[in-house]
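Architecture at a glance
These are the residues of each chain, in order.
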Amino acid sequence: MRTEEDTPLADRVLLIESRADEGALAAMGQRLPRCSVNEEALFLSYNYADVPVGRSFGCCFRRSDESDVVWVTTTVVAVTQQFGFGWDVIPHGWKTLAVLQFEPEIPALIRDLPQAGAWFDHPVSVLVSDADTWEARATSRQRSTS
C-alpha cells in the first residue's frame, strides 16, 4: 500500500493508455457500471498510489506536450482489473480498467484516444492530475530546459 502523501507531488498522475473497446468490457468489465454520457472506461497504466473510488482530479494533459492541458474535473467512478472484480481503489502499482467521469464533458484528448482490447495495446498518452501536480511538473520542465 502506498498513499498519495507518500508519493512525490510531481508523480501523482493517473496514466491513461487507451479507451476500452466492447470486447474488453465484455471480458473484464462485467462488474463496471455502464458509462453515462460524460464517463469513459479507460485502461490505466501502473498506478502511483492507492487512489480511492470517488477521488477527483482537476485536469488532463497530453504526455507528449504537458502544456496541452484541459481543466476538467475527473472523478474515479469504478475500478477493476483482469479478473473482473470491482475494487474500491485503484491500487498502487497495478494496471486497471477504470470508469472515469469528466465534468462538464469528456474532453477531446480523451475522446480521441484509440480503443483497445487490453493493456499494452497503446502507450500512455494522457495524464490526469490535480493543478498542484501539473504545476510541479511544469516547474520541473522549466528547470530542465533552462
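Residues numbered from 1 in each chain as written. Predicted model: local features only at pLDDT ≥ 70, side-chain atom pairs only at ≥ 80, totals over all residues. Heavy atoms only, no water.

Our focus in this paragraph is the overall build of the protein chain. In terms of regular secondary structure, the protein chain is built from three helices and nine strands. Put simply, the protein chain runs from its N terminus to its C terminus through helices and strands in the order β-α-β-β-β-β-β-β-α-β-β-α. Relative to a compact globule of 146 residues, whose C-alpha radius of gyration would be 15 Å, the protein chain shows 14 Å and is just as compact. Along the first, second and third principal axes, the C-alpha atoms of the protein chain reach 50 × 35 × 30 Å. Intrachain contacts of the protein chain at a sequence separation of at least 6 include 75% that bridge at least 24 residues. The distance from the centre of the 13 positive side-chain charges to the centre of the 21 negative ones in the protein chain is 3 Å. (Helix = DSSP H or I, 4+ residues; strand = E, 2+ residues; numbered from the N terminus. Rg over C-alpha atoms; globule rule 2.2 N^0.38 Å. Contact = heavy atoms within 4.5 Å. Lys, Arg positive; Asp, Glu negative; His and termini not counted. Charge placed at Lys NZ, Arg CZ, Asp CG, Glu CD.)

A complete count under the given rule lists six salt bridges for this structure. In this structure, Glu 4 and Arg 55 form a salt bridge, with 2.8 Å as the shortest nitrogen-oxygen distance. Of the two residues, Glu 4 is situated in the segment before β1 (14-20) and Arg 55 in the loop between β3 (51-52) and β4 (56-62); the sequence distance between them amounts to 51 residues. Both residues of the pair, Glu 4 and Arg 55, count as buried. Two residues, Glu 17 and Lys 95, come together in a salt bridge whose shortest N-O distance is 2.1 Å. Linking Glu 17 in strand β1 with Lys 95 in the loop between β6 (89-90) and β7 (96-103), this pair joins segments that are 78 residues apart in sequence. Overlapping salt bridges, with partners in common, bring together Glu 4, Arg 55 and Asp 130 in one network. (Salt bridge = Lys/Arg side-chain N within 4 Å of Asp/Glu carboxyl O. Buried < 20%, exposed > 50% of the residue type's maximum accessible area, 1.4 Å probe, protein only.)

On to the packing of aromatic side chains, then. All chains considered together, the criterion is met by three aromatic pairs. Aromatic side chains Trp 71 and Trp 134 sit 5.4 Å apart centroid to centroid with 80 degrees between the ring planes, which places their arrangement in the edge-to-face category. Here the residue Trp 71 occupies a position in strand β5 (residues 69-80), and Trp 134 occupies one in helix α3 (residues 131-145), the gap between them amounting to 63 residues. Residue classification places Trp 71 among the partly exposed residues on the basis of a relative accessible area of 48%. Overall, Trp 134 belongs to the buried group, its relative accessible area being 16%. Considering the side-chain rings of Trp 87 and Trp 94, the 4.9 Å spacing of their centres and the 85 degrees angle between planes classify their relative orientation as edge-to-face. (Phe/Tyr/Trp six-rings, centres within 6.5 Å; stacked < 30°, edge-to-face > 60°.)

On to the state of the cysteines. Under the defined criterion, the tally for this structure stands at zero disulfides. For Cys 35, which is in no disulfide, the shortest distance to another cysteine sulfur is to Cys 60 and amounts to 15 Å. Among the cysteines around Cys 59, which has no disulfide bond, Cys 60 carries the closest sulfur, lying 6.9 Å off. Assessed through its relative accessible area of 0%, Cys 59 is described here as buried. (Disulfide = S-S within 2.5 Å.)

Turning next to the confidence of the model for the protein chain. Averaged over every residue, the pLDDT of the protein chain is 94; the share at 70 or more is 97%. The weakest mean pLDDT in the protein chain belongs to α3 at 84; the strongest belongs to strand β9 (residues 126-129) at 98. (pLDDT = per-residue confidence, 0-100.)

So, about the side chain of Thr 80. Along the chain, Thr 80 falls in strand β5. Looking at Thr 80, the relative accessible area reads 1%, which means it is buried. With residues up to four places along the chain from it excluded, the contact list for Thr 80 reads Met 28, Gly 29, Leu 32, Phe 85, Gly 86, Thr 96 and Leu 97.

With that out of the way, let us pick up the nonpolar core. Ranked by internal contacts, the top residues of the largest apolar core, which has 22 residues, are Ile 16, Leu 42, Val 76, Phe 102 and Ile 110. Within the residue set of this core, elements represented by two or more residues are β1, β2 (39-44), β4, β5, β7, α2 (108-111) and β9. Not counting the four nearest positions on each side in its chain, Val 76 is found in contact with Leu 14, Val 51, Pro 52, Val 53, Gly 54, Arg 55, Phe 57, Ile 90, Val 99 and Leu 100. Grouped together as the second largest cluster of nonpolar side chains are 11 residues, Met 28, Ala 78, Leu 97 and Trp 119 included. (Core = buried A, V, L, I, M, F, W, Y, C linked by side-chain atoms within 4.5 Å.)

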